[in-house]
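Listed below, chain by chain, are the residues.
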Amino acid sequence: MRGGTSSPNGFPPDLPAVLKRRHRIIKTIRTFFDDSGYIAVETPVRVFCPGIDPYVAPLSSGNAHYLATSPELHMKRLLAAGLDKIYQLTRAFRRDESGRFHNPEFSMLEWYRKGADCRGMMLEAEALLRYICDREDVFRERYAFPFLNISVDDLFAETCGWRPSTDWNEDRYFRDWAEKVDPFLESVDAVFITDFPAPLAALSKLKDQDSRICDRIELYLNGVEIANAYSELTDLHAHQDYIDRVMQKSTSLGKHVCAVDAGFMDAVKKGIPESGGIALGIDRLVMCLLGEKSIQAVMAFPETRL
Amino acid sequence: MLDTTAIRKNLKIIIDGDPWIVVDHQFVKPGKGQAFTRTRLKNMITGNAMDKTYKSGEKIGEQANVEEVEMQFLYAQGTTFTFMDNNTYEQYELSEEQVGDARNFMVDNMTVNALFFDGKPIGLELPNFVELEITETDPAVKGDTVTGATKPATLSTGYELNVPLFVNGGEWIVVDTRTGEYVERVKK
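Residues numbered from 1 in each chain as written. Chains lettered and ligands numbered in written order. Predicted model: local features only at pLDDT ≥ 70, side-chain atom pairs only at ≥ 80, totals over all residues.

S.K.: So what's going on with the overall build of chain A? Residues and values would help.
M.R.: Looking only at helices and strands, chain A has eight helices and 13 strands in total. For chain A, whose C-alpha radius of gyration is 19 Å, the value lies close to the compact-globule estimate of 19 Å for 306 residues. Along the three orthogonal principal directions, the C-alpha set of chain A runs to about 60 × 50 × 45 Å. Counting only residues that meet the buried cut, chain A has 39% of its 306 residues in that class. (Helix = DSSP H or I, 4+ residues; strand = E, 2+ residues; numbered from the N terminus. Rg over C-alpha atoms; globule rule 2.2 N^0.38 Å. Buried ≥ 20, exposed ≤ 12 C-beta atoms within 10 Å, placed from the backbone.)

Here is the structure:
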């Protein structure tokens, strides 16, 4: 009750119990994918191009290599190579990201399905969560299914009084998200956030009906971003435009720019099939399911215990 | 000048000439966007709180050199609280506002840490746990085993809080000065 609660070796006393529950969740996740026709794949963690995002800083790994910030580019190369349903549980690395919900090295679940769109991927993520919750008594009542849906415009209209898709302003958008949207989401158990503004499309498609919006959905549990789904971009010129914009942005922010792998561009030229993809933060999911306050509480070796 | 990478709990920084302490902070990074650190700051002189959101890498201010000096609480008279520096024997007066909630947990001759900024006392820092005497409460109820049941009690400082049913008047308890709550009974 008084003083510290760590045992002499620096581990919290409940760590063995937490790691057993974490293991059971991950085992259930693998069963879910193995039993629904997905192939587990492995892609390199040490790569030349760690990702294409001006706001995600990579960790250098020597000799012009970096640690991957996500397995996205290599998994899409496997889609282009003819694999239809693939999943991967891997480690991702992001420099300067530390906090209750961030650790520079973390576990990521990513999966792709040919013929699907971002809505289909999110429904599958919801089915996965339901599958996990159904298998553990303690999780059964944690979330109400199906999850709520809200568009980015409605979310901003509600919390900040403006609509990003019609009045785009990047600085205002991210500051309002950090100051108002994020605290608001803490009061919501589970929600899909849909219809992101086109400037935040990254490698997702724009909507056919409205090019101010992209086909990207995020899942938030207890105020924490858990998953991000795309209807994957397939068009070569759209890829080149996006990469050019990221390069310009990175340069203007004074950030290091990594050239995109020729292997990835070859895959785009050969043709990434129409598909949906989604990435899900494993540490955050385990944290939410176990009702913990930080991802460090569900990791054996967070950066503070290396 | 410090930037956002220095932000941690209890960091003291100068904003508009006043010392502020970081009470809480949260790294926020909306998908596909720049990162921020959301902070809750407390003015160490006025006690006012404010929320401030910094972009990652942004300058947040100079570190505030707030000194802690060990002092003995001598006495209170009206709204003035008098303390003595244990090393120099110099006496200092703090106002009711500067003492704040600490008055609930201070008894005469108790050793406390006074905080100095720019050579002037600005407030107090109490130990997280202090032992205080209960002066008034209903008698203990024998055989009552309801877990978590409590009753009101008054401490020698005049502060009122809830204690478990088995605690008697005249007994000493440990109080958490951060929450103002009962922690455990101590044998004196």
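What follows picks up the thread again.
S.K.: Account for the overall build of chain B, naming residues and giving values.
M.R.: A count of helical and extended segments in chain B gives one helix and 16 strands. A compact globule built from 188 residues should have a C-alpha radius of gyration of about 16 Å, whereas chain B, at 21 Å, is more than 25% larger. Counting only C-alpha atoms, chain B reaches 60 × 50 × 25 Å along its principal axes. Within chain B, buried positions represent 22% of all 188 residues. Taking contacts inside chain B between residues at least 6 apart in sequence as the whole, the part at least 24 apart equals 46%. (Contact = placed C-beta atoms within 7 Å.)

S.K.: Talk me through unusual backbone geometry; I want residue IDs and the actual numbers.
M.R.: For the peptide bond that leads from F145 of chain A to P146 of chain A, omega is -10°, which places it in the cis range. Here P146 of chain A shows up in the loop between α3 (118-135) and β7 (148-151). Positive phi is not limited to glycine here, since N10 of chain B has a value of about 75°. Within the secondary structure, N10 of chain B sits in the loop between β1 (2-3) and β2 (12-15). A positive phi angle, near 55°, is found at D118 of chain B, a position not held by glycine.

S.K.: Lay out the pairing of strand β9 (residues 91-95) of chain B in plain terms, naming residues and giving numbers.
M.R.: Residue and element names in this part refer to chain B. The pairing of strand β8 (residues 80-85) with β9 spans five bridges and is classified as antiparallel. By the bridge assignment, M84 is partnered in β9 with Q91. Between the end of β8 and the start of β9, which pair antiparallel, lie five residues, with Y89 showing a positive phi angle near 65°. (Pairing = 2+ DSSP bridges.)

S.K.: Mind laying out the domain arrangement of chain B, listing which residues take part and the relevant values?
M.R.: Residue and element names in this part refer to chain B. What the domain assignment reports for chain B is domain 1 (2-63), domain 2 (67-125) and domain 3 (129-186). Inter-centroid distance (C-alpha atoms) of domain 2 to domain 3 is 26 Å. At the junction of the two partners, domain 2 supplies four residues and domain 3 supplies eight residues. When the residues that make up the side of domain 2 that touches domain 3 are grouped by side-chain class, the tally is three nonpolar, one polar and no charged. (Domains from an automatic or database assignment. Nonpolar A, V, L, I, M, F, W, Y, C, P; charged D, E, K, R; others polar.)

S.K.: Tell me about the interface of chain A and chain B, residues and numbers included.
M.R.: Contacts between the two partners involve 21 residues from chain A and, on the opposite side, 16 residues from chain B. Taken together, the elements giving at least two residues each to the side of chain A that touches chain B come down to α5 (170-185) and β12 (224-231) of chain A. With six residues, the top contributor of residues to the side of chain A that touches chain B is α5 of chain A. Residues of the side of chain A that touches chain B, tallied by class, amount to seven nonpolar, four polar and ten charged.

S.K.: Tell me about the environment of Q63 of chain B, and please be specific about residues and values.
M.R.: All names here are of chain B. Mapped onto the fold, Q63 is located in strand β6 (residues 59-63). Its 14 C-beta neighbours within 10 Å are what place Q63 among the partly exposed residues. Sequence separation of Q63 and E171 is 108 residues, and the distance between their C-alpha atoms is 43 Å. Setting aside chain neighbours within four positions, we find Q63 in contact with L2, K12 and I13.

S.K.: Requested: an account of the sheet that holds strand β4 (residues 66-67) of chain A, with residues and values cited.
M.R.: Residue and element names in this part refer to chain A. As summarised here, the arrangement of the three strands in space is β2-β4-β3, forming an open sheet in which the pairing is antiparallel. With partners counted over all chains shown, the strands left at the sheet margins are β2 (46-47) and β3 (59-60), one partner each. Here β3 runs beside β4; their pairing, made up of two bridges, is antiparallel. Directly across from L59, in β4, lies its bridge partner L67.

S.K.: Give a detailed account of the sheet that holds strand β16 (residues 181-186) of chain B, specifying residues and quantitative values.
M.R.: Residues and elements named next belong to chain B. Read across the sheet, five strands follow the order β14-β13-β12-β15-β16 without closing on themselves; strand pairing throughout is antiparallel. Every interior strand has two partners, whereas the edge strands, β14 (160-164) and β16, have only one. Taken over all neighbouring pairs, the strand axes of this sheet differ in orientation by 55° on average, direction set aside. Two strands pair when backbone bridges link them, and strand β15 (residues 172-176) and β16 are joined in this way by five bridges, in the antiparallel orientation. Residue pairing across strands places V174 opposite E184, the latter belonging to β16. (Axes fitted to C-alpha atoms, helices over the stretch in contact; angles between N-to-C directions.)

S.K.: Kindly report on the confidence of the model for chain B, identifying the contributing residues and their values.
M.R.: The share of residues in chain B with pLDDT of 70 or more is 97%, and the mean pLDDT across the chain is 91. Scored by ipTM, the complex comes to 0.89, with pTM at 0.83. (pLDDT = per-residue confidence, 0-100.)

S.K.: A description of the environment of V45 of chain A should follow, citing residues and the corresponding values.
M.R.: Residues and elements named next belong to chain A. Looking at the secondary structure, you find V45 in the loop between β1 (39-40) and β2. Remark: the alpha-carbon pair of V45 and L67, spanning 22 residues in sequence, is separated by 5.6 Å. Look past the residues within four positions of V45 in its chain and what remains in contact with it is L67, A68, T90 and R91.

S.K.: An account of the packing of helix α4 (residues 152-159) of chain A against α5 of chain A is requested, with residue identities and associated values reported.
M.R.: All names here are of chain A. Packing of α4 against α5 leaves a shortest axis separation of 10 Å and a crossing angle of 95°. Between α4 and α5, the crossing angle belongs to the class labelled roughly perpendicular. Touching L155, F156 and T159 of α4 are D176, K180, V181 and F184, all from α5. Its residues assigned to classes, the contact of α4 with α5 comprises four nonpolar, one polar and two charged. (Parallel < 35°, antiparallel > 145°, perpendicular 65-115°, else oblique.)

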